[in-house]
Amino acid sequence: MSPSRVLVLNSGSSSVKYQLLDMRGGERLAVGLVERIGEETSLLRHTPAGGEARERTGAVPDHDAALKAVAAELAKDGLGVDAPELAAIGHRVVHGGKRFTEPTVIDDAVLAEIERLIPVAPLHNPANLTGIRTAQALRPDLPQVAVFDTAFHTTMPESAARYAIDVETADRHRVRRYGFHGTSHAYVSRETARLLGRAPEDVNVIVLHLGNGASASAVRGGHCVDTSMGLTPLEGLVMGTRSGDMDPAVIFHLMRVGEMSADEIDTLLNKRSGLIGLCGDNDMREIRRRVDAGDERARLAFDIYIHRLKKYIGAYYAVLGRVDAVAFTAGVGENAAPVREAAVAGLEGLGLAVDDELNAVRGDGARLISPPDARVAVAVVPTDEEMEIATQTYALVNASGNLT
Ligand SMILES: Nc1ncnc2c1ncn2[C@@H]1O[C@H](COP(=O)(O)OP(=O)(O)O)[C@@H](O)[C@H]1O
Ligand SMILES: CC(=O)OP(=O)(O)O
Ligand SMILES: [Mg+2]
């Protein structure tokens, strides 16, 4: 039988999430993550199918070491990357620029392009590259496939993708809005249509991907028509550590009056802003705990986060004209009922409402949280970037005869 396993690596700025899947039966053989890479207290959590989770703490200095540790854990369960059943390794790559609109088998030219795009995804593309190079070293014979966060957004019309700046300057430097989290927006918009019992072509959805990074998208009939992230994953919503939208003149002001360098401002806006900059915490669980305890700074941070989210719901409602569903996903969207409640509060005029009891239910699958008679469905739809990457990777290696 031809090999049917796919290993998926989702390398973030300080973490790696991974899954080993058997695509013939759609079975998850192992899932895990390595967190706090580069710190003394890195954590590896590995869960084989049907088995107990194993945790290890201790310094994991970089992504290369993280992947080697992952490979060692897989080997303990007889699922080592040297297994002949492995068909391919699929990688989440955050920035694919304009060139990559589809999943792509990685060769030297693809690697060079991902590297060239580092300045516009400084937190993500370097980690993605390390993941690819380490995986290539472990299995040089296997196809390695890149699935790009930007791909789903390449259908955005020019009116949404262009900034209103001088066209020649923008084109010379490839300045435009690319959008990110596309694998998640694609998967969640499709799953939302399925939840409604309708074909994706017939459904307009606003997807709110609220993780540590966060973005919104307007999806019309299965195609993205607008999204909140731009040239880089800094634009748009308030995030864990990123500012999202602001007047670009803030940067010149900080340079001229604050005497800060471009690099200092880059770090400020990407790593010391958003929720952590506003209140010192970027985890929504901790922020809610502080809000409930009467902490004013946490309250203000929460209110700013919600205000921005609400503005995007309104904007994308106008972009789409008709909205069938609003879907909440990722760590915050799937778990934080108070965020969902506050984001939709007061939007009854748009046909949007949340049922308090349904919203409070904790569950694993996709579910509606709007009242049964609501004009627009509000849903919690868990994302599964790893499964989507595995599906696309497996389809590509089968189609291109790359299976060994
Ligand atoms: N039970 C929960 N309640 C509220 N927020 C949560 C919960 N679990 C996770 N989160 C939030 O989700 C975030 C992580 O989301 P995730 O989608 O995993 O992000 P990323 O992929 O960017 O690392 C955490 O920082 C935290 O704010
Ligand atoms: C693009 C992006 O912001 O990704 P993440 O949410 O994983 O940081
Ligand atoms: Mg994520």
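Residues numbered from 1 in each chain as written. Chains lettered and ligands numbered in written order. Predicted model: local features only at pLDDT ≥ 70, side-chain atom pairs only at ≥ 80, totals over all residues. Heavy atoms only, no water.

1. A closer look at the packing of helix α7 (residues 249-256) against helix α8 (residues 262-271)
Between α7 and α8, the least distance of the axes is 10 Å, while the angle of their chain directions is 130 degrees. Overall, the two elements α7 and α8 adopt an arrangement that is oblique. The interaxial crossing formed by α7 with α8 has right-handed handedness. The segment α7 lies against α8, with I251, L254 and M255 engaging A262, I265, L268 and L269. (Axes fitted to C-alpha atoms, helices over the stretch in contact; angles between N-to-C directions. Helix = DSSP H or I, 4+ residues; strand = E, 2+ residues; numbered from the N terminus. Parallel < 35°, antiparallel > 145°, perpendicular 65-115°, else oblique. Left-handed = near helix turned anticlockwise from the far one by under 90°. Contact = heavy atoms within 4.5 Å.)

2. What to know about the site of ligand 1
Surrounding ligand 1, one finds 14 residues, the nearest of these being K17, N212, M284, R285 and G331. V332 is positioned such that a nitrogen or oxygen atom in its backbone is 3.4 Å from an oxygen atom of ligand 1. The fraction of the free accessible surface of ligand 1 (580 Å²) that becomes covered by protein chains is 73%. Considering every element that reaches the shell around ligand 1, the biggest residue donor is helix α12 (residues 330-335), with four residues. A per-class count over the shell around ligand 1 returns four nonpolar, six polar and four charged. (Near = heavy atom within 4 Å. Polar contact = N/O pair within 3.5 Å; in protein donor to acceptor, adjacent residues only side chain to side chain. Areas by Shrake-Rupley, 256 points an atom, 1.4 Å probe, with all protein chains shown as cover. Nonpolar A, V, L, I, M, F, W, Y, C, P; charged D, E, K, R; others polar.)

3. As for the sheet that holds strand β14 (residues 377-380)
Read across the sheet, six strands follow the order β11-β10-β9-β12-β14-β13 without closing on themselves; strand pairing throughout is mixed. Looking at the sheet topology across the chains shown, the edges are occupied by β11 (223-227) and β13 (367-368). Note: strand β9 (residues 204-210) against strand β10 (residues 214-220), seven bridges, orientation antiparallel. Within the sheet, the bridge partner assigned to N204 lies in β10 and is R220. Its contacts with the sheet put helix α11 (residues 296-320) on β9, β10 and β11, and the angle it makes with β9 is roughly 160 degrees. (Pairing = 2+ DSSP bridges.)

4. A closer look at the packing of helix α6 (residues 182-196) against helix α15 (residues 385-399)
Two elements in contact, α6 and α15, have axes separated by 9 Å at closest approach and are oriented at 95 degrees. Between α6 and α15, the angle falls in the class roughly perpendicular. Along the contact surface, α6 presents T183, S184, Y187 and R190, while α15 presents E385, E388 and I389. Each residue belonging to the contact of α6 with α15 can be placed in one class, and the counts come to two nonpolar, two polar and three charged.

5. Some details on the packing of aromatic side chains
Counted under the stated rule, the structure contains two aromatic pairs. R288 extends its terminal NZ or CZ atom over the ring of F302, reaching a point 4.6 Å from the ring centre. (Phe/Tyr/Trp six-rings, centres within 6.5 Å; stacked < 30°, edge-to-face > 60°. Lys NZ or Arg CZ within 6 Å of the ring centre and 35° of its normal.)

6. Here's the deal with the site of ligand 2
The full set of residues close to ligand 2 is R92, V94, H124, D149, F180, H181, G213, M229, P233 and R242. In the model, an oxygen atom of ligand 2 is placed 2.8 Å from a nitrogen or oxygen of the H181 side chain. Bound to the protein, ligand 2 loses 84% of the 260 Å² it would expose on its own. Looking at the shell around ligand 2, its residues break down into four nonpolar, three polar and three charged.

7. Looking at the confidence of the model for the protein chain
Reading fine detail from the predicted coordinates is not recommended where pLDDT is low. For the protein chain, the average pLDDT comes to 95, and 99% of its residues sit at 70 or higher. The complex prediction reports pTM at 0.95, with the ipTM value standing at 0.98. (pLDDT = per-residue confidence, 0-100.)

8. A look at the nonpolar core
Of all hydrophobic cores here, the largest spans 47 residues; its most connected members are L208, L210, M284, Y305, V339 and L352. At 11 residues, the largest contribution of residues to this core is made by α11. Residues contacting L352, with those up to four places away along its chain left out, are I313, Y317, V326, V344, L347, V376 and V378. Formed by 23 residues, the second largest nonpolar core is a distinct cluster that contains L20, L29, L44 and L74. (Core = buried A, V, L, I, M, F, W, Y, C linked by side-chain atoms within 4.5 Å. Buried < 20%, exposed > 50% of the residue type's maximum accessible area, 1.4 Å probe, protein only.)

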